[in-house]
Amino acid sequence: MADQDTTQYIVSTNPHAHSGASVQRIMLDVIIALVPALLLSFHYFGWHAVRLVTVCVVGCVVTEALCRKLMGRDLGIFDLSAVVTGLLLAFNLPPSLPSGMALVGCIFAIAIAKQLFGGIGYNPFNPALIGRVALLVSFPVAMTKWHAPLNAARWTALSWIDGTTTATPLGAVKTALATNQTCPVTWGNTSMLNYLLGNMSGCIGEVSALALILGGLYLLYRRCISWHIPVAYIGTVAIFAAILRIAQPDANMPVLFHLLSGGLMLGAIFMATDMVTSPLTKQGMLIFGVGCGLLTMIIRRWGGYPEGVSFAIILMNSITPLINRATRPRVFGRKRGTS
Amino acid sequence: MDINTILITAGAIGGVGLVCGTALALAAKFLAVKEDPRVEAMEEILPGANCGGCGFAGCADYAKAIINDGAAINLCAPGGAEVLDAIAKAMGIEASVEEKKVAVVMCAGDSDKAPRKHLYNGVADCTAAAAVAGGDKVCRYGCLGYGSCANVCPVGAIEIKKGVAIVHPELCISCGACVSACPRNLIKMVPISRTIHVLCSSKDKGPVVKKACQVGCIGCRMCVKLAGDAFEMDGFLARRNYDIPVENEGIVEKCPGKCIIKRGDSEDPAPAKPETAPEQTEGEASETKREG
Amino acid sequence: MKAIPAKFKVNGGIHPAYHKELARDKAIENMPIPALLSVSMSQHLGAPANPIVKKGDSVLRGQLIGETAGFISAAVHAPSSGTVKAVSEAPTAMGTTAAIVVIEPDGEDTWIEGLEGIADWQSTAPKTLVEKIAAAGIAGMGGAGFPTHVKLSPPPDKPIDTLILNGAECEPYLTADHRLMIERADTIWVGCQIIRKILGATTVRIAIEDNKPEAIAAMEQAMANAEGDVGITVLKTEYPQGAEKQQIFATTGREVPSGKLPMDVGCVVENVGTTLAVWDAIVNGKPLTERVTTVTGHPVAEPRNVLNRIGTPYSDLLAFCGGLKGDVAKIISGGPMMGLAQPGLDATTTKTTSGLLFLAPQETQTFNSMPCIACGRCIEACPMYLVPAELSQMLEAEDYEAAEELNVLDCIECGCCAFACPAHRPLVQHMKQGKSKVMLKRRQAQKK
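Keep in mind the model is a prediction, meaning the values are calculated, not measured.

1. Thoughts on the overall build of chain B
No. 1: Regarding its fold elements, chain B presents 10 helices and 9 strands.
No. 2: For chain B, the proportion of its 292 residues judged to be buried stands at 41%.
No. 3: Surface exposure of chain B reaches about 15,700 Å², of which carbon and sulfur atoms provide 56%.

What follows is the structure, given as C-alpha cells:
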C-alpha cells in the first residue's frame, strides 16, 4: 500500500494540473510556421540562402550557450528561442551577405540584445531586429546589395551573386522620389502575383508574402499569436497608403504594393508579435500594431531609409512597458482605474 | 576634407566643452550643498559596506544619525571594536567594546541525518517551502536548506551544505540580515569565542525527534547534568547559555542525541568560493528536486 | 419550469481535462465506520472550535464535542458513538496544527437522544431556524467551510433578494455534488426552500454546468411545482464557474465589488451539499456528521462517491475503493485546481473534503520555472481580470507595494494562470505569499 512504504509524494501549491503548454512548444510552432518561407527562400536564392540560415541558427545557438556558460547559468538553449532568433535574423539578410558579417549579427542579437539584459523574458527589444539593424548600420553597403531571385546558377555556383545586383522595389521607389520622378515600378497583375509568391529581390525571408501569411495562419491556429498586432499593423499601413495614394498618386505607390513589398509581412506576422517585446493585453497589442504601421509608412515615405519595418518595430518595443501600464484591464469588482 | 573643416570642427567642439566644463566648475563651487564636515569625517570612519545591520539606510545615513540625532555609536557590527573605538574617539564618548558576534544556524539535520517527508516542487525559498504542507522535512522545526538566508547575506558567508545552511564565522560581518530571513527563526547571533552549540531547535519530545532526525535533541538533560549552567532546558530542548563558557569539551562526545557540536575555524574552513545558493537547475527561482 | 442558459459569462477561465467519467455514474455508497475517527476542531473558516470532551469520555453520535469560539466559528459533533481516545494536536491539511479529538467507535453508532426537527419550519421565525443550523455545526461544504449560520444572518441593511445554489462543481474529477443532485434532488429542493425562507429571497437559481445533464433533469423534476421566481441556470462548462463571484455574475450579471461580500449585491450562494445538511438539521434535527467525498483518479482501483463520517482516515477511504492499481505520484485533498497536495495518507476527512484524488506519475510533473515570456495567456485565463505576469514578477522581486497597487488581494487563487503558463511559473504560490505579506503589512500599519 502506498501509504505504508517510504514513497515520497510530490507536494506543491495548487494547481496540480497543467495545460501542457511550454515555451519550447511555442518556439517549435514558430519554426514550423517559418518553414514555407524557409523552403521558398532556398528555392529563390539557392545555396546562399542555405548558408545564411545555417550560419545564423548555429551562430545564435552557440553564442547563447557560450554567454550562459560564461555567466555561470544553465545552458538555456533547449527552449529553442535562439533557433527562432537565428532563423528570423537570417530571413532579414540579403543573400550576398558574407558569413562573417552574419555571425557579427548573431553575436549582437544574442549576446548584447538578449543575454546581457538577463536572457529570455528580460530583453526589451526584438533580438533579431537589433541584430539586423546593427548590421545595417555597421555594414551599410553589404546589407543593401540586392539580387534578383531565381538566378540560373543559384544551385550550382556560389559566385552568381557577384555583379548581379538589382534594387528592391522599395529602393527603386525611394531613388525615384529623391530625383523627383514619378514612381517607376511597373505595377500590374503580374507584379502583384510575383510579390505574393516571392519573385522579387529583397531579404531572403521577406520576399514571399504568401508563404508568410500561411505561416501566420498556422500560428493563429496554434494560438501562439493573436490577430490583433498583424491586423492592426497591416491595416494601418493599408489605410495610410490609401490616403497617400489618393492625395498624391504620382508620388505614392498603390496600397497592395506597400502591403506586399519589403518586410511588412515578415515584420507584422513574426517580428512585431514576439511575445516578450510586445504588449500583454489585447488593447495594448492594437495600439502597438497601429504605432508600428504609422512609423513604417512615415519612414517609407519621408524617411532616409527605403524600408521602415525594422526601425518601426524597435521603436514601438521601447514603449511597450508604457503601453502595458496604460492598458491594464479593469479588475473584476473594481471601477476602472482604481486600486 | 581640407584643414579648415577640421579646425573649425575641433574648435567648435572644444569650445562647447570648455564652456560646459567652466559651468560645471562654477556650479560645483557656488551651488555646492553644505555638508557638515563632521558627518563626512564619520562616514570615513565607518566601513562603507552599506549592509544595513545598524538599522539605518547605509553608512552615510548612520553617520548622519550619529552626528545629528545622537544615535547609539555601537550599532556597527561589521566595524567591530576598531570602528567603535574610532567613533568613540571622534565623539569624545567612552565606548564599551563588546565581543564580536557571528550568526549560527541552530540545526544540523542535513540530508544524511534528517529525512524529507515529501518532494517539494515550487519556489526555492524557505518561507515559501515552509508554507506548503508545513515544509518538506519530517522535523517541522528544522532548516529546509533552500537558501533564503544565504541569498540575503551581503558577504556570502552562508553555505548550503547537504541541505542545511552553515555560516562561515570568519566571513560573517554580524549584520543580522540572515536572522530575519529564516522563517523558522533558527539563526542566532552568538559571541565568536563560543564554539560549542546545541544545533537543534526542535521542541518535540524525544521519541518524535528520533523519528525526524539522527542528530536532534532528545531532551535527556545530560548536558545540564554534566556541564551545569552552560546549558539550560527549554521544555524538551536544551539550549546553550552563551554567557557561560563550556569548560569541558568532552560534552560533545557525551551527548546521546549527538546534537551538541563544536563549530569553529578548525572544523569548517571556508572553501575558496562558497556556494551560496542551492545548485541552479534549468530555469531560475524554482525547482527543488532533492538528490543528496 | 425549464432550465435556462446563463445570460452572462465571466471572461477568462480554462478548460482542463475533466475525467469525470471515472466516478460520475457511481451511486453514492455508505462506507463502514473506520476503526478510528480523528475529528479536527478546525474544519471551517474562523476560530477553531474548543474541545469540550477529554480522554476516556463516552460520546454518542451527534454529541457536541467542540464549542464555537467566537462569532465566526462552527460547532463540531461526534460522527459516531464511542470512546474518546485522545484530545491532542495534529497537523491540518494546510500545514498548521489544530486540536483534534480521536474517537474509537463502538460499532453501535447510537445517535444522541433528543434530536428533534422543526416540522412546521414554514411558519417558524428565521432566527430560530438559523440557531438550529448553528447548533448543527454546518459549514460551507463546497470547500471554503464558511460557517453557514453566519452566512445566513446578513445584517438588516443588506437585504437578500437572490439565493443561488451552487451545483456547478467546476473542478475536474469531482462528482459528489453531481450525484447528490441526481439522487437527492427532492431533499435538496426542500433544503433550498428552507434557506429561501430564512433569507426572504424572492429569486432562486440553481446553477449547474452543462456537463451534468442528468443533474439538471433531476432538479427540474424536483422543482416542477415550484412557486415564485425559481429557475435553473445552465452554466457553460468552464473552470472556475463554481467560484462564488464568477457564479453570481454568470447567473445575475451583478459584480461583487472588490473586498466586499455577495450579500453586498443582495445574493447568497450555498453549495448543494450544504443545502442538504441544512435540510437534515431542520427537518430531522441532525447535526453534521458525514459527507460525500469523491475518491477518484486513474490509479484508484474502484473510484467511488463515498458517504463517509467526518474524521475518516484517508487510508480507510482508499481501502474502501479497492486500494491502488497503479503508481501514485501525487495525492490531493480536493480537486486538481484548488486542492491541497498531501505528503501522505495520514490526514482525515473534514466537513470540506469534497474529493481525494490520486494522480499517476505520468499525469504529474515537477516543473522548472522560466522567466516570464509575456505571452499573455495568464491574463486571458484570469477570471478576476488581473495581470498575473506582472504580479508574479513584482512578487519575485518582493515589491509588495507595487503588488498591492496591482490588486494582488483580489486574486481568488483559482490556479487558471498557472495552468496556462508556458513558462511553468509558480504563479499561485507567488500570489499566496504576496497576499499574506500585504495583509501582514496592513495589519501592522493598523496597529501603529
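2. Section: the packing of helix α10 (residues 228–247) of chain A against helix α12 (residues 264–271) of chain A
All names here are of chain A.
No. 1: Contact geometry of α10 with α12 gives a least axis separation of 8 Å together with a crossing angle of 155°. Comparing the axis directions of α10 and α12 gives the class roughly antiparallel. When you trace α10 past α12, the crossing you get is right-handed. On α12, the residues touching I229, P230, Y233, I234 and V237 of α10 are L264, M265, G267 and A268.
No. 2: Tallied by class, the residues present in the contact of α10 with α12 amount to 8 nonpolar, 1 polar and no charged.

3. Re helix α7 (residues 272–284) of chain C
Residue and element names in this part refer to chain C.
No. 1: The terminal C-alpha atoms of α7 lie 18 Å apart, and with 13 residues this matches the ideal 18 Å at 1.5 Å per residue to within 8%.
No. 2: Burial within α7 is extensive, with 10 of its 13 residues counted as buried.
No. 3: Taken together, the buried positions of α7 are V272, G273, T274, T275, L276, A277, V278, W279, A281 and I282.
No. 4: On its buried face, α7 sits against α1 (126–135), α2 (148–151), β10 (162–167), α3 (176–183), α4 (185–199) and β13 (267–271).
No. 5: Looking at where α7 begins, the residue whose side-chain oxygen comes 2.6 Å from the main-chain nitrogen of G273 is N271.
No. 6: The first or second residue beyond α7 is G285, which carries a positive phi of 75°.

4. Regarding the domain arrangement of chain A
Residues and elements named next belong to chain A.
No. 1: Here the domain parsing of chain A yields domain 1 (23–142) and domain 2 (167–326).
No. 2: Averaged C-alpha coordinates put domain 1 and domain 2 at centres separated by 21 Å.
No. 3: Taken together, the two surfaces of domain 1 and domain 2 that pack against each other cover about 2,800 Å², and 74% of this comes from carbon and sulfur.
No. 4: Across the contact surface, domain 1 and domain 2 share 1 salt bridge.
No. 5: A salt bridge links R222 to D29; its shortest N-O distance comes to 2.9 Å.
No. 6: Of all the secondary-structure elements, those providing two or more residues to the side of domain 1 that touches domain 2 are α1 (23–45), α2 (47–70), α3 (81–91) and α5 (127–138).
No. 7: In terms of residues, the side of domain 1 that touches domain 2 owes the most to one element, α1, which gives 13 residues.

5. Considerations on the sheet that holds strand β5 (residues 58–59) of chain C
All names here are of chain C.
No. 1: Strand order in this open sheet of 4 strands is β3-β9-β8-β5, and the pairing throughout is antiparallel. A strand with exactly one partner marks an edge of an open sheet, and here the two such strands are β3 (37–40) and β5.
No. 2: As paired elements, β5 and strand β8 (residues 82–91) share 2 bridges and run antiparallel to each other. Along β8, the bridge assignment pairs V59 with G82.

6. Focus on unusual backbone geometry
No. 1: At the junction of A:N14 and A:P15, the peptide bond is cis and its omega measures out at -5° in the coordinates.
No. 2: Topologically, A:P15 is positioned in the loop between β1 (10–11) and α1.
No. 3: Omega for the bond connecting C:Y239 with C:P240 falls within 30 degrees of zero, at 0°, which places this linkage in the cis form.
No. 4: When you line up the elements, C:P240 lands in the loop between β12 (229–235) and α6 (244–252).
No. 5: Phi is positive for C:E169, close to 45°, though the residue is something other than glycine.
No. 6: Take C:E169: it is sitting in the loop between β10 and α3.
No. 7: Positive phi, close to 55°, is recorded for C:A374, a residue that is not glycine.
No. 8: Its place among the elements puts C:A374 in the loop between β18 (355–359) and α9 (377–381).
No. 9: Residue classification places C:A374 among the buried positions, given a relative accessible area of 15%.

7. Some details on the nonpolar core
Among soluble globular proteins, nonpolar side chains are generally buried collectively.
Residues and elements named next belong to chain A.
No. 1: Grouped together as the largest cluster of nonpolar side chains are 109 residues, with contacts concentrated most on L97, Y233 and F270.
No. 2: When residues of this core are assigned to their parent elements, the largest contribution, 12 residues, is made by α1.
No. 3: With near-sequence residues (within four places) excluded, F270 lies in contact with V30, A33, L34, L88, L212, G215, G216, L219 and M265.

8. A look at the domain arrangement of chain B
Residues and elements named next belong to chain B.
No. 1: In terms of domains, chain B is made up of domain 1 (37–91) and domain 2 (101–276).
No. 2: The C-alpha centroid of domain 2 is placed 31 Å from the C-alpha centroid of domain 1.
No. 3: Taken together, the contact pairs 4 residues of domain 1 with 4 residues of domain 2.
No. 4: Between domain 1 and domain 2, the buried area comes to about 320 Å², and carbon and sulfur atoms account for 73% of it.
No. 5: Of all residues in domain 1, the largest losses of buried area upon contact with domain 2 belong to C51, A77 and P78, amounting jointly to 78% of the total for that side.
No. 6: Where domain 1 meets domain 2, there are 0 salt bridges.

9. Things to note about the packing of aromatic side chains
No. 1: Counted by the stated rule, this structure contains 8 aromatic pairs over all chains.
No. 2: On the basis of an interplanar angle of 80° and a centroid distance of 5.3 Å, the ring pair of A:W47 and A:W155 is categorised as edge-to-face. In this pair, A:W47 is assigned in helix α2 and A:W155 in the loop between β2 (146–147) and β3 (165–166), connecting sequence segments 108 residues apart.
No. 3: Geometrically, the ring pair formed by B:F56 and B:Y62 is stacked, given 5.3 Å between the ring centres and 20° between the ring planes.
No. 4: You can call B:Y62 buried: its relative accessible area is 1%.
No. 5: Cation over ring: C:R304 sits above C:F320, and NZ or CZ is 4.9 Å from the ring centre.

10. Digging into the sheet that holds β12(C)
Residue and element names in this part refer to chain C.
No. 1: Ordered by their spatial adjacency, 5 strands build an open sheet running β1-β12-β11-β10-β13, and the pairing between neighbours is parallel. Lying at the two open borders of the sheet, with one neighbouring strand each, are β1 (3–5) and β13. Adjacent strand axes in the sheet meet at a mean angle of 30°, parallel and antiparallel pairs treated alike.
No. 2: Contacts between α4 and the sheet are confined to β10, β11 (203–209), β12 and β13, with β10 contributing the most and set at about 150° to the helix.

11. Quick word on a negative patch on the surface
No. 1: Taken together, the side chains of B:E35, B:E40, B:E43 and B:E44 make up a negatively charged region of the molecular surface.
No. 2: For B:E35, the location among the structural elements is in the loop between α1 (3–30) and α2 (37–45).

12. Concerning empty space enclosed by the protein
Residues and elements named next belong to chain A.
No. 1: Within this structure, the stated rule accounts for 12 cavities of 30 Å³ or more.
No. 2: If you add up the space inside the largest cavity, you get close to 340 Å³.
No. 3: What lines the largest cavity is a set of 23 residues, and nearest its centre among them are M27, V84, L88, D274 and M275.
No. 4: Those elements that place two or more of their residues in the lining of the largest cavity are α1, α3, α5 and α12.
No. 5: In terms of residue count, the dominant contributor to the lining of the largest cavity is α3 (4 residues).
No. 6: Of the residues belonging to the lining of the largest cavity, the class tally is 16 nonpolar, 5 polar and 2 charged.
No. 7: Split by domain, the residues of the lining of the largest cavity number at least three in each of domain 1 (23–142) and domain 2 (167–326).

Conventions used here
Residues numbered from 1 in each chain as written. Chains lettered and ligands numbered in written order. Predicted model: local features only at pLDDT ≥ 70, side-chain atom pairs only at ≥ 80, totals over all residues. Heavy atoms only, no water. Helix = DSSP H or I, 4+ residues; strand = E, 2+ residues; numbered from the N terminus. Buried < 20%, exposed > 50% of the residue type's maximum accessible area, 1.4 Å probe, protein only. Areas by Shrake-Rupley, 256 points an atom, 1.4 Å probe, with all protein chains shown as cover. Axes fitted to C-alpha atoms, helices over the stretch in contact; angles between N-to-C directions. Parallel < 35°, antiparallel > 145°, perpendicular 65-115°, else oblique. Left-handed = near helix turned anticlockwise from the far one by under 90°. Contact = heavy atoms within 4.5 Å. Nonpolar A, V, L, I, M, F, W, Y, C, P; charged D, E, K, R; others polar. Expected span 1.5 Å × (residues − 1). Polar contact = N/O pair within 3.5 Å; in protein donor to acceptor, adjacent residues only side chain to side chain. Domains from an automatic or database assignment. Buried area = accessible area lost by both parts, 1.4 Å probe. Salt bridge = Lys/Arg side-chain N within 4 Å of Asp/Glu carboxyl O. Pairing = 2+ DSSP bridges. Core = buried A, V, L, I, M, F, W, Y, C linked by side-chain atoms within 4.5 Å. Phe/Tyr/Trp six-rings, centres within 6.5 Å; stacked < 30°, edge-to-face > 60°. Lys NZ or Arg CZ within 6 Å of the ring centre and 35° of its normal. Patch = residues over 30% accessible without salt bridge, like charges linked within 9 Å, V, L, I, M, F, W, Y side chains within 5 Å. Lys, Arg positive; Asp, Glu negative; His and termini not counted. Charge placed at Lys NZ, Arg CZ, Asp CG, Glu CD. 1 Å grid on protein atoms, 1.4 Å probe; cavity = no way out; pocket = protein on both sides within 12 Å on 5 of 7 lines; lining within 4 Å. Points joined across faces, edges and corners; volume = space filled by probe spheres on them.

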